[in-house]
Amino acid sequence: MILTVSKPWSEIRDACKQWDLQTVAVISCGSCSAQCGTGGTEGLKKIVDSLEQDGIQIAASIVIEEPCDKRLVKTDLRHIQNETQKIDGYIVASCGMGAQTVREVTDKPVIITTDTIMMSQTERIGLYHEKCRACGKCVLNETGGICPITACAKSLLNGPCGGVIDGKCEMGGYQNDCGWVAIYNRLKKLDKLELFSKVRPPRDWSLVTKRSTVNQRKEMKDYYACEE
């Protein structure tokens, strides 16, 4: 899940003034942001109420299940195309991907109401854990299913470092568990400690940022093709 938190309303108000938005359409994410409480129907209602209190007119409002999906955005916006002909811009309650997707299908200004925090695991509503940073080279197969990039405060690929005492990490004042101790214990439990001794080369951090577009259409076609 993509975890988001609501921006201070003063920031949204200032953005509306900056872009001279008097009449808007509001789009809310029905998936991740809905679960976070920053989107969905409840988040949409709060945003609409706040905008109206600021004197901004609402021409239309809609919940799009996944506004990061360009196909859904194009399809769902057709349902309110008459109402949005004369709006000044869109207010979008979603992660940054959703807001940018809306921006790509309109020539109107787009104001986002959230800050995107992380890719997260949901333990329960309101409690989330970062488990993946999309680093481009997953080592879970070697670390017993525990990601060292997120579990280790220093994102080390070889550990533990010298800053661990009694299984606790120096980062944060020895309050948090050392990720590499957790990896060691996991591999020991699975009788695969030989993987712990493997020396891994430094992370190629360029893999995190170099991919602006990924085209897997051919690979997907080959993968789903029926074999004789």
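Residues numbered from 1 in each chain as written. Predicted model: local features only at pLDDT ≥ 70, side-chain atom pairs only at ≥ 80, totals over all residues. Heavy atoms only, no water.

A. Region of interest: the layout of surface pockets. Of the voids in this model, the second largest pocket is the one considered here, and its volume is about 270 Å³. Looking at the second largest pocket, it is lined by 15 residues, and the ones nearest its centre are Ala151, Asn176, Asp177, Cys178 and Gly179. Ranked by residue count, the leading element in the lining of the second largest pocket is helix α7 (residues 179–189), at three residues. (1 Å grid on protein atoms, 1.4 Å probe; cavity = no way out; pocket = protein on both sides within 12 Å on 5 of 7 lines; lining within 4 Å. Points joined across faces, edges and corners; volume = space filled by probe spheres on them. Helix = DSSP H or I, 4+ residues; strand = E, 2+ residues; numbered from the N terminus.)

B. The arrangement of the nonpolar core in detail. Core analysis: the largest hydrophobic core is formed by 14 residues, its most contacted members being Cys16, Val24, Val26, Leu51 and Ile91. Listing elements by their share of this core, those giving two or more residues are α1 (9–18), β2 (23–29), α3 (40–53) and β4 (89–93). The greatest single-element share of this core, amounting to four residues, is contributed by α3. Those residues within four positions of Leu51 in sequence are excluded, and the remaining contacts are Trp9, Cys16, Val24, Val26, Ile56, Ile58 and Ile91. Of all hydrophobic cores here, the second largest spans 13 residues; its members include Ile27, Leu77, Ile80 and Ala99. (Core = buried A, V, L, I, M, F, W, Y, C linked by side-chain atoms within 4.5 Å. Buried < 20%, exposed > 50% of the residue type's maximum accessible area, 1.4 Å probe, protein only. Contact = heavy atoms within 4.5 Å.)

C. Examining the sheet that holds strand β1 (residues 2–6) more closely. As summarised here, the arrangement of the three strands in space is β1-β6-β7, forming an open sheet in which the pairing is antiparallel. The open sheet has two edge strands, β1 and β7 (127–130), and neither has a second partner. Between one strand axis and the next, the sheet turns by 65 degrees as a mean value, whatever way the strands run. Relative to strand β6 (residues 114–124), β1 is paired through five bridges, and the arrangement is antiparallel. The partner of Ile2 across the bridge, within β6, is Met119. (Pairing = 2+ DSSP bridges. Axes fitted to C-alpha atoms, helices over the stretch in contact; angles between N-to-C directions.)

D. Spotlight on the pairing of β6. Across four bridges, β6 lies against β7 in antiparallel orientation. Its bridge partner lying in β7, Gln121 is registered against His129.

E. Structural detail: the side chain of Thr38. In this fold, Thr38 is placed in the loop between α2 (32–36) and α3. In this structure Thr38 comes out as buried when scored by relative accessible area, which is 6%. A polar atom in the side chain of Thr38 sits 2.7 Å from the side chain of Thr4. (Polar contact = N/O pair within 3.5 Å; in protein donor to acceptor, adjacent residues only side chain to side chain.)

F. Here's a closer look at the pairing of β4. Within β4, five of the five residues are buried, which leaves the element mostly enclosed by the surrounding structure. Going residue by residue along β4, you find Gly89, Ile91 and Ala93 tucked away on one face and Tyr90 and Val92 tucked away on the opposite face as well. Here five bridges tie β2 to β4, and the two strands are oriented parallel to one another. In the strand pairing of β4, Val24 is matched with Gly89. Handedness of the β-α-β unit built from β4, helix α5 (residues 96–104) and strand β5 (residues 110–112) comes out right-handed. (Right-handed = clockwise from strand over helix to strand, strands pointing away.)

G. How the structure looks around the sheet that holds strand β3 (residues 57–64). Read across the sheet, four strands follow the order β3-β2-β4-β5 without closing on themselves; strand pairing throughout is parallel. With one partner strand each, in any of the chains shown, β3 and β5 form the two edges of the open sheet. When strand polarity is set aside, the average angle formed by the axes of neighbouring strands in this sheet is 20 degrees. Across seven bridges, β2 lies against β3 in parallel orientation. Residue pairing for β3: Ile27 is matched across the bridge by Ile62. Where α5 meets the sheet, it contacts β2, β4 and β5, and its direction lies at approximately 170 degrees from that of β5.

By themselves these figures say nothing about function.
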